[in-house]
Amino acid sequence: MPAIAALSGAVAVVARAVDPDDKVNLADLAAVAIAAAVAIAAVVVWARRRDLTANEPAFPDVQKAADVLADRVRLQWEAEARHRSLSDPEPIPVRWQLTADEAVMSPPRLISGAAGYAFTGRSDDIAALAAAFRALSRRRLVITGGSGMGKTTLAVQLLLRLLATRAADQAAATDGEVVPVPVLLPISGWDLRRHPGLQGWLAERLAQEYPALNSTPQLGPQAAAALIAGGHVLPVLDGLDEIGDQARADVITALNASLGNADQLILTSRTTEFTTAVKSAGRPLTGAAVITPAQLSPQAAADYLRACLPTAPSESWRKVLSALETRTVAGLSELAATPLGLWLIRTIFAASGADPAPLAGPLGGEAAALRAHLLDRLIPTLIKARPPSTVPGDHFRPRHRLHPDATRRYLTYLARAFPPDETRDIAWWRIAATLPHTQRTITLVTGLIAGLVIGLVAGLPTGLAAGLIVAVIVGLVTDLRSRSWANELPGHADLRFRGEGRSLLRAIRRRMAGILGTGLVIGFLAGVLTVVFLASAPTIAPEATLAIGLAVTLVLGLTFVLVFGIMLGLVEWAEHPARMSSSTPSSSWRSDQALTLLRMLTIGLPVGLTAGLVAGVLLTGLVTGLTVGVVTGLLFGLLVGEHRAWLACTVASGRIALTRQLPWQIMPFLDDAHRLGLLRAVGPVYQFRHAVLHDHLATAPLP
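These numbers come from a predicted model, not from an experiment.

### Examining the pattern of salt bridges
- Inspection of every chain in the model, using the stated rule, returns 21 salt bridges.
- Across the salt bridge formed by Arg-306 and Asp-303, the nearest N and O atoms sit 3.5 Å from each other. Of the two residues, Arg-306 and Asp-303 both sit in helix α12 (residues 298-307), 3 residues apart, roughly one turn of that helix.
- With a relative accessible area of 35%, Arg-306 lands in the partly exposed category.
- Take Asp-303: its relative accessible area is 37%, and that puts it in the partly exposed class.
- Residues participating in the shared-partner salt-bridge network are Asp-241, Glu-242, Arg-270, Arg-424 and Asp-695.

Now the structure itself:
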C-alpha cells in the first residue's frame, strides 16, 4: 500500500508539472518525498523480514526424510528392475557362497557370532539371501564374481527386498535400532580427493539424485546430511573394479576409516580386482562377508531356458537343451554357465523367435567367439523385436524407429568417449567435455546467430558490417563466459507450484533485498538524467523539473526492484525443485534445459526489450533497436547464473552429429536405447546394460 501511494503521488506531481500554469509547491514535493521514503522502507522491511512460520527447520525430521528416500529409491529401482526383466519369467538361479579365500575377509568373529557360519543362498530365493545378510554382525557384504555373473543384479535384488520388508523390520526393531534405507550408487563417482570420507560424498550424491529430500520445509536443506549422520542410509556401492588399481585400494582404506561399528554396507566388485585391492590396502574390509557365485550347472541353465519357452518347444530348441544338459557343445555349455550368457541366448533367440539351431552347431564350439557373435547380433535383434510405440505404459519399446547400423555407430562412439578403464557412467552432461574445442564451438555458434539476426534486420549493405561487428562482440563475450560450461553439472528445476508459494515468496524477498541498493542507484541516475534533460525545456518550470526527476527516481527504482526481484526470485526458486522423484537422465536434461530457457525469458528478454525500446526511440529506430535489444538481452540471460550443461551438450552433440557418430537429438536416442535394454539407468546417468557390452563396443572397429 505505501508503494501504491507513492506511485500515485508521483503520477499526480508529474501530471501537474507538465502544465506550466499549475506550479508545483513545496507541499507537493514534500508529499512525494515522504511517500517515497515510506515506500522504500516498506520494500526493505518486506524483503528482509524473516518468515518465522515457514522457515526451514534447523533440525530436519530424519524419520520423515528416511521414508521419503525409501519411497523414491523403491520407485526408481522397481522401474529399472522391470526394464532389466529381473523376474521375467523368474530370476536366474545363481548360487552364492562365502569365498574360500580367507585373505580377503576379517576373522569370522567380526563377521558373524555364529559358530561355523556359512553364507549360502540363490538369487531365485532372495528372501533367504536377505535373511543371511541381516544375520551378519555388522551387515556388511561384498559381492564378488567374474564378468557377467550377476553381481549388480544381486545388489538390486537385495536392495528391493530390504525395501519391501522395511516396514516389518521397523516394527520388529528394538528401541534405538535404525533400519537404514539401501541406496545404490556407482562407486566410480566417489572422488577421494574431494571427499576423503564416505559420509560427505554420500550426502552430496543423495542431495543431487534425490532432490525431494531438501525440497520441503518439513525436511530442510540438511536432510541428506542428517540421514547419513544418523545411520539411516545403507550404501550399496556398485563397481569397485571399474576404477583404477590404486583407487580401489584407497577406497578400501577410506571405507575402513569412515565406517563406524553400526554402519552397514554392500559392495560389488570383480573377484580379481577386489583381491588385489585388499592386498594393496594391507587389510580387508572390516567385518564384511565376501561371497562369490558358482557357475550355473547345465541342468539349471536348461531349466531356466525352458521357463522362457512354450511348454512344447520346437525341435531346434529341444536339440539345444539336450546339448546343454549333456555338455556335448563346449562353447554353449561354458557360455550358458553365466547369467550374461543365458540372457544373451534368451534375448537373441527365445525372445525374438529366431531359430536357435546354430547354438548346437559349429558356432557353439568356442565360448568367446559365440559370445562375440551374440553381442554383435544384440542391437539388430532388439530393434527388430521391439518396434516403436507411443503408448505411455509401454516401457520396453522405443519411441522412435532406430536403424541398427546407426544405433551401433552411436553406441560405439559413446563406448569410446567414456572408456571402460576410466568410467562406466555415460553422463550426458559430460559429452561436451569429451569433444575438444567445445568452447570455441559455442562461441562460434552464438556469434553467428547474433550476427545473422542483426544483419538481416539492418539490411544490406549496413547490415553486413553491423552483423559482423555484433558477431565478433558476442563471440568474445561468450568465449570469456563459456570456459566452464562443458564441465558444469546439470541443475534441478520443477516449475510446478504444488503448494510451494511460500518458498517462492522467500526467494523473491531475498532477491529484492539483494538488488535494493542497485535499484535505488539506477533510479537516482535516471532521475538526474531526467532533470538535466528537462532543464533545457523552456516550457517546464524548474520546480516541475525537480518533481519529475524525483518521480522518475521513485518509479524506476521501485519498478526495477519489484520486476527483477520477482524474476531473480523465480529463477532461484526453480533451481530448488519441489517434491521431485529421484533424478533420472531425462529429468536432469529437462531440468537444465528449463533453467536455461527460464533465465533467458525472465531475465534476458525483459532487459533486452527495455534497452531496445530506449535505444529505438532515442537512436536507431524502433525495429532495429528492439531487435538489437532482444538479441543482447537473450545473450545476457544466457550468460548470467549457472547450469548450462544442456546447452553445451546440445552444441557438442550437434557438432558430433555432423560426422554421423551421434544423432542430432541425443537424449531421445539414449532414452530409446534404455527402453530397448541396451542401456540401464543409475540415477541421472546411463550405463551399458552389461559391462561386457561396453567392453565389446569400445574395442570393436568403428562401423
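There is more to say after this.
### Here's the deal with a nonpolar patch on the surface
- Taken together, the side chains of Val-521, Phe-524, Leu-525 and Val-528 define a hydrophobic patch exposed on the protein surface, amounting to about 370 Å² of accessible area.
- With respect to the helices and strands, the residue Val-521 is situated in helix α20 (residues 501-534).
- Using a relative accessible area of 49% as the deciding quantity, one classes Val-521 as partly exposed.

### Thoughts on helix α17 (residues 404-417)
- Taking 1.5 Å as the rise per residue, α17 with 14 residues should run 20 Å; its terminal C-alpha atoms sit 20 Å apart, in good agreement.
- Most of α17 is tucked away, with 10 of its 14 residues classed as buried.
- The complete set of buried residues in α17 reads Ala-406, Thr-407, Arg-408, Arg-409, Tyr-410, Leu-411, Thr-412, Tyr-413, Leu-414 and Ala-415.
- Against α16 (367-385), α24 (645-657), α25 (666-676), β8 (679-682), β9 (685-688) and α26 (691-699) lie the buried residues of α17.

### A look at the environment of His-694
- Note on placement: His-694 falls in helix α26.
- C-alpha separation for the pair His-694 and Thr-412, spaced 282 residues apart in sequence, amounts to 8.4 Å.
- Setting aside chain neighbours within four positions, we find His-694 in contact with Ala-415, Phe-418, Pro-419, Pro-420, Thr-423, Arg-424 and Phe-688.

### Observations regarding the nonpolar core
- In terms of nonpolar packing, the biggest core is built from 143 residues, with Leu-69, Leu-141 and Leu-414 touching the most fellow members.
- When sequence neighbours within four positions are dropped, the list of residues in contact with Leu-414 reads Ile-426, Ile-431, Leu-662, Phe-669 and Leu-670.
- Ranked by size, the runner-up nonpolar core spans 10 residues in total, among them Met-512, Val-561, Met-567 and Val-571.

### Focus on the environment of Leu-213
- Structurally, Leu-213 is set in the loop between α8 (198-209) and α9 (223-229).
- Note on Leu-213: relative accessible area 1%, which makes it buried.

### Description of the packing of aromatic side chains
- Applying the stated criterion across every chain yields a total of 4 aromatic pairs.
- Between Trp-428 and Trp-429, the ring centres sit 5.6 Å apart and the planes meet at 90 degrees, which makes this aromatic pair edge-to-face. The same class applies to Trp-428 as to Trp-429, namely buried.
- Taken together, a centroid distance of 5.0 Å and an interplanar angle of 75 degrees make the contact between Trp-428 and Trp-589 edge-to-face. Pair noted here: Trp-428 is in the loop between α17 and α18 (438-458) and Trp-589 is in helix α22 (residues 585-620), with a separation of 161 residues, a long-range link. Neither residue differs from the other here; Trp-428 and Trp-589 are each classed as buried.
- Within the aromatic cluster, the residues linked to one another by ring pairs are Trp-428, Trp-429 and Trp-589.

### Focus: the pairing of strand β1 (residues 95-98)
- Summarising the sheet, β1 and strand β2 (residues 120-122) pair through 3 bridges and their orientation is antiparallel. Across the sheet, residue Arg-95 finds its bridge partner in β2, namely Arg-122.
- Here β1 runs beside strand β7 (residues 289-293); their pairing, made up of 3 bridges, is antiparallel. Note on β7: the bridge partner recorded for Gln-97 is Thr-292.

### Quick look at helix α15 (residues 339-350)
- Among the 12 residues that make up α15, 12 are buried, leaving the element largely enclosed by the rest of the structure.
- Among the residues of α15, Pro-339, Leu-340, Gly-341, Leu-342, Trp-343, Leu-344, Ile-345, Arg-346, Thr-347, Ile-348, Phe-349 and Ala-350 are the ones counted as buried.
- Buried residues belonging to α15 abut α12, α13 (315-326), α14 (330-336), α16 and α26.

### Here we look at the packing of α16 against α26
- Across the interface, α16 lies against α26 with an axial gap of 11 Å and an inter-helix angle of 85 degrees. In terms of orientation, α16 and α26 fall into the roughly perpendicular class. Across from Arg-371, Ala-372, Leu-375, Asp-376 and Leu-378 in α16, the residues of α26 making contact are Val-692, Leu-693 and His-696.
- Its residues assigned to classes, the contact of α16 with α26 shows 5 nonpolar, 1 polar and 2 charged.

Cut-offs used in this document
- Residues numbered from 1 in each chain as written.
- Predicted model: local features only at pLDDT ≥ 70, side-chain atom pairs only at ≥ 80, totals over all residues.
- Heavy atoms only, no water.
- Salt bridge = Lys/Arg side-chain N within 4 Å of Asp/Glu carboxyl O.
- Helix = DSSP H or I, 4+ residues; strand = E, 2+ residues; numbered from the N terminus.
- Buried < 20%, exposed > 50% of the residue type's maximum accessible area, 1.4 Å probe, protein only.
- Patch = residues over 30% accessible without salt bridge, like charges linked within 9 Å, V, L, I, M, F, W, Y side chains within 5 Å.
- Areas by Shrake-Rupley, 256 points an atom, 1.4 Å probe, with all protein chains shown as cover.
- Expected span 1.5 Å × (residues − 1).
- Contact = heavy atoms within 4.5 Å.
- Core = buried A, V, L, I, M, F, W, Y, C linked by side-chain atoms within 4.5 Å.
- Phe/Tyr/Trp six-rings, centres within 6.5 Å; stacked < 30°, edge-to-face > 60°.
- Pairing = 2+ DSSP bridges.
- Axes fitted to C-alpha atoms, helices over the stretch in contact; angles between N-to-C directions.
- Parallel < 35°, antiparallel > 145°, perpendicular 65-115°, else oblique.
- Nonpolar A, V, L, I, M, F, W, Y, C, P; charged D, E, K, R; others polar.

Any functional reading would require information beyond the geometric quantities listed.
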